[in-house]
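What the coordinates show
Single-letter residue listing:
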Protein chains: 2
Amino acid sequence: MGTAARLGIGDDCAVLRPKAGYEVCVTTDFTLEERHFRRDWHPPESVGHRCLARGLSDLAAMGAEPMAVFLSLAVPARLPAKWVDRFLDGFLGLARKHRVALAGGDTAQSPAVSNQISKQGDGLILADVVAVGQVPRGKAVLRRGARVGDWIYCTGALGGAAAELASLAENSRRFGKITKAAAGHPHFYPEPRLAVGRRLRVLAHAMIDLSDGLSTDLTHLCKESGVAAVIDEAAVPVHSLAAGAENPLDLALHGGEDYELLFTAGRSARIPQKVAGVPIHRIGTICEARRRGPRIVLETRNRGRMPLEAGGYEHFRQVKSVGPRSLTTRLATPVPRLHLR
Amino acid sequence: MGTAARLGIGDDCAVLRPKAGYEVCVTTDFTLEERHFRRDWHPPESVGHRCLARGLSDLAAMGAEPMAVFLSLAVPARLPAKWVDRFLDGFLGLARKHRVALAGGDTAQSPAVSNQISKQGDGLILADVVAVGQVPRGKAVLRRGARVGDWIYCTGALGGAAAELASLAENSRRFGKITKAAAGHPHFYPEPRLAVGRRLRVLAHAMIDLSDGLSTDLTHLCKESGVAAVIDEAAVPVHSLAAGAENPLDLALHGGEDYELLFTAGRSARIPQKVAGVPIHRIGTICEARRRGPRIVLETRNRGRMPLEAGGYEHFRQVKSVGPRSLTTRLATPVPRLHLR
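Residues numbered from 1 in each chain as written. Chains lettered and ligands numbered in written order. Predicted model: local features only at pLDDT ≥ 70, side-chain atom pairs only at ≥ 80, totals over all residues. Heavy atoms only, no water.

Regarding the domain arrangement of chain A
Residues and elements named next belong to chain A.
- When cut into domains, chain A gives domain 1 (5-136) and domain 2 (143-317).
- Here domain 1 and domain 2 have C-alpha centroids that lie 25 Å from each other.
- Each partner contributes residues to the interface: domain 1 has 30 residues there, and domain 2 has 27 residues.
- Summed over both partners, the interface of domain 1 with domain 2 buries about 2200 Å², with 57% contributed by carbon and sulfur atoms.
- One can count four salt bridges joining domain 1 with domain 2.
- Between lysine 97 and glutamate 191 there is a salt bridge, and its shortest N-O distance comes to 2.9 Å.
- Linking domain 1 with domain 2 are 10 residue pairs in polar contact (both at pLDDT 80 or more), by the criterion used here.
- Looking at the side of domain 1 that touches domain 2, the elements with two or more residues in it are strand S3 (22-32), helix H1 (44-62), strand S4 (65-75), helix H2 (81-97) and strand S6 (126-136).
- If you tally residues by element for the side of domain 1 that touches domain 2, the top one is H1, at 12 residues. (Domains from an automatic or database assignment. Contact = heavy atoms within 4.5 Å. Buried area = accessible area lost by both parts, 1.4 Å probe. Salt bridge = Lys/Arg side-chain N within 4 Å of Asp/Glu carboxyl O. Polar contact = N/O pair within 3.5 Å; in protein donor to acceptor, adjacent residues only side chain to side chain. Helix = DSSP H or I, 4+ residues; strand = E, 2+ residues; numbered from the N terminus.)

A short note on the nonpolar core
- Counting residues in each nonpolar core, the largest one holds 52 residues, and the members touching the most others are Leu71, Phe87 and Phe91 of chain A.
- Ranked by the residues each element gives to this core, the list is headed by H1 of chain A, at nine residues.
- Among all residues touching leucine 71 of chain A, those that are not within four sequence positions of it are Phe87, Leu88, Phe91, Leu102, Gly104, Gly105, Asp106, Ala127, Asp128 and Val129 of chain A.
- Core analysis: the second largest hydrophobic core is formed by 51 residues, Val47, Leu73, Val196 and Ala204 of chain B among them. (Core = buried A, V, L, I, M, F, W, Y, C linked by side-chain atoms within 4.5 Å. Buried < 20%, exposed > 50% of the residue type's maximum accessible area, 1.4 Å probe, protein only.)

Here we look at the side chain of glutamate 233 of chain B
- Tracing the chain through its elements places glutamate 233 of chain B in the loop between strand S9 (227-232) and helix H7 (240-243).
- The contact partners of glutamate 233 of chain B, leaving out residues within four places of it in the chain, are Leu249, Leu298, Glu299, Thr300, Arg301 and Arg303 of chain B.

With respect to the packing of helix H1 (residues 44-62) of chain B against helix H2 (residues 81-97) of chain B
Residues and elements named next belong to chain B.
- Relative to each other, H1 and H2 sit at 40 degrees, their axes nearing to 6 Å. Our pair here, H1 against H2, has a crossing hand that is right-handed. Contact with H1, carried on its side by Pro44, Glu45, Val47, Gly48, His49, Cys51, Leu52, Ala53 and Leu56, involves Trp83, Arg86, Phe87, Asp89, Gly90, Phe91, Leu94 and Ala95 of H2 and no other residues of that element.
- Here the residues of the contact of H1 with H2 sort into 11 nonpolar, three polar and three charged. (Axes fitted to C-alpha atoms, helices over the stretch in contact; angles between N-to-C directions. Left-handed = near helix turned anticlockwise from the far one by under 90°. Nonpolar A, V, L, I, M, F, W, Y, C, P; charged D, E, K, R; others polar.)

A few points about the side chain of threonine 28 of chain A
- Among the structural elements, threonine 28 of chain A can be located in strand S3.
- Of the polar contacts made by the side chain of threonine 28 of chain A, one reaches the side chain of serine 72 of chain B; its length is 3.0 Å.
- Filtering out sequence-adjacent residues up to four positions away, threonine 28 of chain A remains in contact with Asp128, Val129 and Val130 of chain A together with Phe70, Ser72, Gly105 and Asp106 of chain B.

Observations regarding the pattern of salt bridges
All names here are of chain A.
- One pass over the structure, following the stated rule, counts 32 salt bridges over all chains.
- A salt bridge links glutamate 257 to arginine 50; the shortest N-O distance between them is 2.9 Å. On the criterion of sequence distance, the pair formed by glutamate 257 in the loop between helix H8 (248-254) and strand S10 (261-265) and arginine 50 in helix H1 is long-range, its members being 207 residues apart.
- Classification of arginine 50 by relative accessible area gives buried; the value is 9%.
- Several salt bridges share partner residues, and in doing so they unite Lys19, Glu65, Arg198 and Arg201 into one network.

Points about the packing of aromatic side chains
Residues and elements named next belong to chain A.
- Under the criterion given, the structure shown has eight aromatic pairs over all chains.
- With centroids separated by 5.6 Å and ring planes inclined at 20 degrees, the aromatic side chains of tryptophan 83 and phenylalanine 87 adopt a geometry described as stacked. Residue tryptophan 83 and its partner phenylalanine 87 are located together in helix H2, separated by four residues, close to a single helical turn. For the pair formed by tryptophan 83 and phenylalanine 87, the shared burial category is buried.
- With a centroid separation of 5.1 Å and an interplanar angle of 10 degrees, the aromatic rings of tyrosine 153 and phenylalanine 263 are classed as stacked. Placement of the pair is tyrosine 153 in strand S7 (residues 151-155) and phenylalanine 263 in strand S10, with a sequence separation of 110 residues. Accessibility assignment for this pair places tyrosine 153 and phenylalanine 263 in one class, buried.
- Of the aromatic side chains, those joined through ring pairs into one cluster are Phe37, Trp83, Phe87 and Phe91.
- When the ring centre of tryptophan 151 is taken as reference, the NZ or CZ atom of arginine 282 above it lies at 3.7 Å. (Phe/Tyr/Trp six-rings, centres within 6.5 Å; stacked < 30°, edge-to-face > 60°. Lys NZ or Arg CZ within 6 Å of the ring centre and 35° of its normal.)

Here it is, written out as structure tokens:
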């Protein structure tokens, strides 16, 4: 635990002390049983790990250092204590790895639901995770900083999480034993790229984490920056788990939840081939947005240039205005956030 | 909206800029349908108001100024958009009153539940609210600062929220029209005491907000400070709504959710009779904790001195250690947080 959390659980609030001249980054993510995970598919350690990884990955995408995390957890009355124990093993294991303290939260008993839905004949598990980080004033890497002529990069390899989720859907029994965070399980134990994001703070013009899939997240970044992009199909790093699938490139382009980083940088920026052991690939170029042209073009070897539509998962984080009307409009047409069903 | 939220909804994180030399306070609270409110009892405006009031009241209890709030909301697919609209009216109305921005959050569709539970035959409404505030370094008012000889004070009047909830349980139809935050409805529209808390920052030794009831919250404060307390029964300010009930003093001593502030200060401190229009009452004295003595004693006119047991609502915020074992132990024996059932 760092010194950022001066006072943790046990008072009305946690008190955090940012470094002098730093700003504070805050992100919050809901994780709902049956929506983001299934009790019969996911070991509790994986659920704990994943719900924290989502928040830490958002901090990584700003170039922020984590200060503290908060866990609000609602569990059904009849949930075995062992499940929560194992959930916390996964959650706290990832927190320890990144030296971030669990500084507070809230717990409640979740209301009971029907047998048909929960199979356990009891309530559902609900978690809301808040991650708080810090970044030197004005140095947070935003989505909106991409400039025409920038090169586009991503970390690691893509499509692995979607490939593993597809295998899980086919045969969920195979995965019951994966109770430890281990490389090679990008769906169960994604690795937030905090060290990479921090290093990129001085190099990247714009950055986003790949939670919804390359095509969707690049669209977000381009829209925010008012630009367009060309992606070189051959340069997209396909994860080894996806490589064996029927449609490796689709998984890499549209599969969500890889939690790698997507960023742009000027052509003169010296982007290392690896940061903190994670490879970095140049995959395309930022160009001018044309009025009727596609936002993203995929440049292929054999099929020429083709428009790349956002095909990953949309969610609501991109709501621009905080007025009641706009938020309601989004809420009125909710879309599930995961491929579970 | 103040300038604290430099960047709101629309990026991976919100970016907040604390004032130089300030620390950051964070609190998070779950609000669950059927646990904290009922759709057939509470107007949506009240639900929105209440879930934000809980967080702002925690900031008030530290003496903090609010910087930004975050709302994670899961709603069932079939919930009318109007409900969310009205919920946000209540939420954003209170936010505007305290000049605090909604800087982000998350939304999801909540899983469906059985007819038996939800009556609507659909999912339940779940909200998690994060409130972030700032306080000059080292000046947050903690629960653990009470000293022997301190006088004990509370703001406003107590028992009103519990009295109004009791009336609601008796006749829920009466209350459907209370769709605007109005004084005199302490259960539906509690008023977080932010201005009072901020003013008390330089005067109070220890402070807590009265969310669980005087007897319970004073017990928390005394335990954290390693002291005991004597309360003068005649000095406890009973809310006018409670005064007409069968058991006014019980409501004032044990009723929760008044969201007034309870604090201690040295005898030489000049505590105003009113701060920001809110009356302040001296109700007791901090004394030494005795090994086998009661933590709190009630001094009465006719019945002498009697021990005052914590009788309000316990919840889990007081978990001291963040080890998986301790949190699990608490989670394994969940207690509902409200008197709804």
